[in-house]
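Coordinate analysis (summary)
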Amino acid sequence: MLRVGLTGGYATGKTLVARELERLGCHVIYADELGHRVLQPDGEAYAGTVETFGREILNADGTIDRKKLGGIVFTSPELLEKLSGLVHPAVIRLEDRLLGEFQRQNPHGIAVVEAAILIEAGRDGVFDRVILTSCDKETQIARGMKRDHATRDQVLARVANQLPVHEKERHAHYVVDTSGPKEETVWQVQEVFRELKELAEVRPI
């Protein structure tokens, strides 16, 4: 099985690229969805997160209000690091379990893990290939403001917590520029997929 990491800055089109890879036949794991799962009341990271950030982050039904939690941690690198220390180990354990299951089902398949801070977390080295999404800064800001109903300053604060794109490019085998029309992005993804498929087919089991 070929293991592929898919990453990129905030609001740079990772989901679009992931969905296209999924459509082409890749098995895609979304780290953010795993993050949701481990923060559920029965999840591995729930108790530690509530203990660290207080019960004020909870909804009336006892679930964690992720927007409220995000509003707290994305303005403080120290608090973001604390949350990461609780969530990321739990996500990685769940991710490894899912990858193992897929490998048993499809030894010559392509498994893609889509994760926003894959490189920042030092996880890029565990993948056979890394795809990076990128776009110009103003496009990134506009997308973030529209998608999350955020202010420009809120978007810039999130962007500032991630590595600059030129540093991420050093860790990537492929860079998909999502600045243009959707059709251009899809074409780039299809080209990358052709190479990944060839690698997966000749990879020893």
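Reference entry: report on the structure contained in this document. (Residues numbered from 1 in each chain as written. Predicted model: local features only at pLDDT ≥ 70, side-chain atom pairs only at ≥ 80, totals over all residues. Heavy atoms only, no water.)

Let's talk about unusual backbone geometry
- With phi around 60°, A11 is a residue other than glycine that occupies positive phi space.
- Within the secondary structure, A11 is located in the loop between β1 (2–8) and α1 (14–23).
- Given a relative accessible area of 5%, A11 falls into the buried group.
- Although it is not a glycine, H149 sits at a positive phi angle of roughly 50°. (Helix = DSSP H or I, 4+ residues; strand = E, 2+ residues; numbered from the N terminus. Buried < 20%, exposed > 50% of the residue type's maximum accessible area, 1.4 Å probe, protein only.)

Focus on a negative patch on the surface
- Taken together, the side chains of D136, D177, E183 and E184 make up a negatively charged region of the molecular surface.
- Among the secondary structure elements, D136 is positioned in the loop between β4 (129–134) and α6 (137–148). (Patch = residues over 30% accessible without salt bridge, like charges linked within 9 Å, V, L, I, M, F, W, Y side chains within 5 Å. Areas by Shrake-Rupley, 256 points an atom, 1.4 Å probe, with all protein chains shown as cover. Salt bridge = Lys/Arg side-chain N within 4 Å of Asp/Glu carboxyl O. Lys, Arg positive; Asp, Glu negative; His and termini not counted. Charge placed at Lys NZ, Arg CZ, Asp CG, Glu CD.)

Some remarks on the packing of α6 against helix α7 (residues 152–160)
- Where α6 contacts α7, the two axes come as close as 9 Å, and the packing angle between them is 115°. As for how α6 packs across α7, the hand of that crossing is right-handed. Side by side, α6 and α7 meet where K137, E138, Q140, I141, G144, M145 and D148 of the first sit next to R152, V155, L156, R158 and V159 of the second.
- For the contact of α6 with α7, the class distribution of residues is 5 nonpolar, 2 polar and 5 charged. (Axes fitted to C-alpha atoms, helices over the stretch in contact; angles between N-to-C directions. Left-handed = near helix turned anticlockwise from the far one by under 90°. Contact = heavy atoms within 4.5 Å. Nonpolar A, V, L, I, M, F, W, Y, C, P; charged D, E, K, R; others polar.)

Section: α1
- If you check which residues of α1 are buried, you get K14, V17, A18, E20 and L21. Viewed along the axis of α1, the buried residues span an arc of 165°, placing them on a single side of the element.
- Along its buried surface, α1 packs onto β1, β2 (27–30), β3 (110–114), β4, β5 (174–177) and α9 (182–202).
- Positive backbone phi, approximately 120°, marks G25, located one or two places after α1. (Arc of directions from axis to C-beta.)

Description of the nonpolar core
- Ranked by size, the top nonpolar core spans 32 residues in total, and within it V38, I64, L69 and V87 carry the most contacts.
- Taken together, the elements giving at least two residues each to this core come down to α2 (31–38), α3 (46–53), α4 (66–73), α5 (77–105), β3 and β4.
- Listed in part, the 19 residues of the second largest apolar core include V176, V189, F193 and A200. (Core = buried A, V, L, I, M, F, W, Y, C linked by side-chain atoms within 4.5 Å.)

Details of the pattern of salt bridges
- As enumerated under the stated definition, the model contains 11 salt bridges in all.
- In this structure, R152 and E138 form a salt bridge, with 3.0 Å as the shortest nitrogen-oxygen distance. Of this pair, R152 sits in helix α7 while E138 sits in helix α6; the two residues are 14 residues apart in sequence, bridging distant segments of the chain.
- With a relative accessible area of 36%, R152 lands in the partly exposed category.
- With a closest N to O distance of 3.3 Å, R147 and D148 form a salt bridge.
- Through salt bridges that share partners, E95, D96 and R123 make up one connected network.

Description of the layout of surface pockets
- Approximately 230 Å³ is the volume attributed to the second largest pocket.
- Along the wall of the second largest pocket there are 15 residues; nearest its centre are Q140, V159, L163, P164 and V165.
- Of all the elements in the fold, those that place two or more residues in the lining of the second largest pocket are β4, α6 and α8 (165–169).
- Looking at side-chain class alone, the lining of the second largest pocket contains 6 nonpolar, 7 polar and 2 charged residues. (1 Å grid on protein atoms, 1.4 Å probe; cavity = no way out; pocket = protein on both sides within 12 Å on 5 of 7 lines; lining within 4 Å. Points joined across faces, edges and corners; volume = space filled by probe spheres on them.)

Observations concerning the packing of α3 against α5
- Look at α3 against α5: their axes get within 9 Å of each other, and the N-to-C directions meet at 160°. On the basis of the axis angle, α3 is roughly antiparallel to α5. For the pair α3 and α5, the sense of crossing is right-handed. On the side of α3, the interface is formed by G48, T49, T52 and F53, while α5 contributes L79, K82, L83 and L86.
- Here the contact of α3 with α5 is built from residues that sort into 4 nonpolar, 3 polar and 1 charged. (Parallel < 35°, antiparallel > 145°, perpendicular 65-115°, else oblique.)

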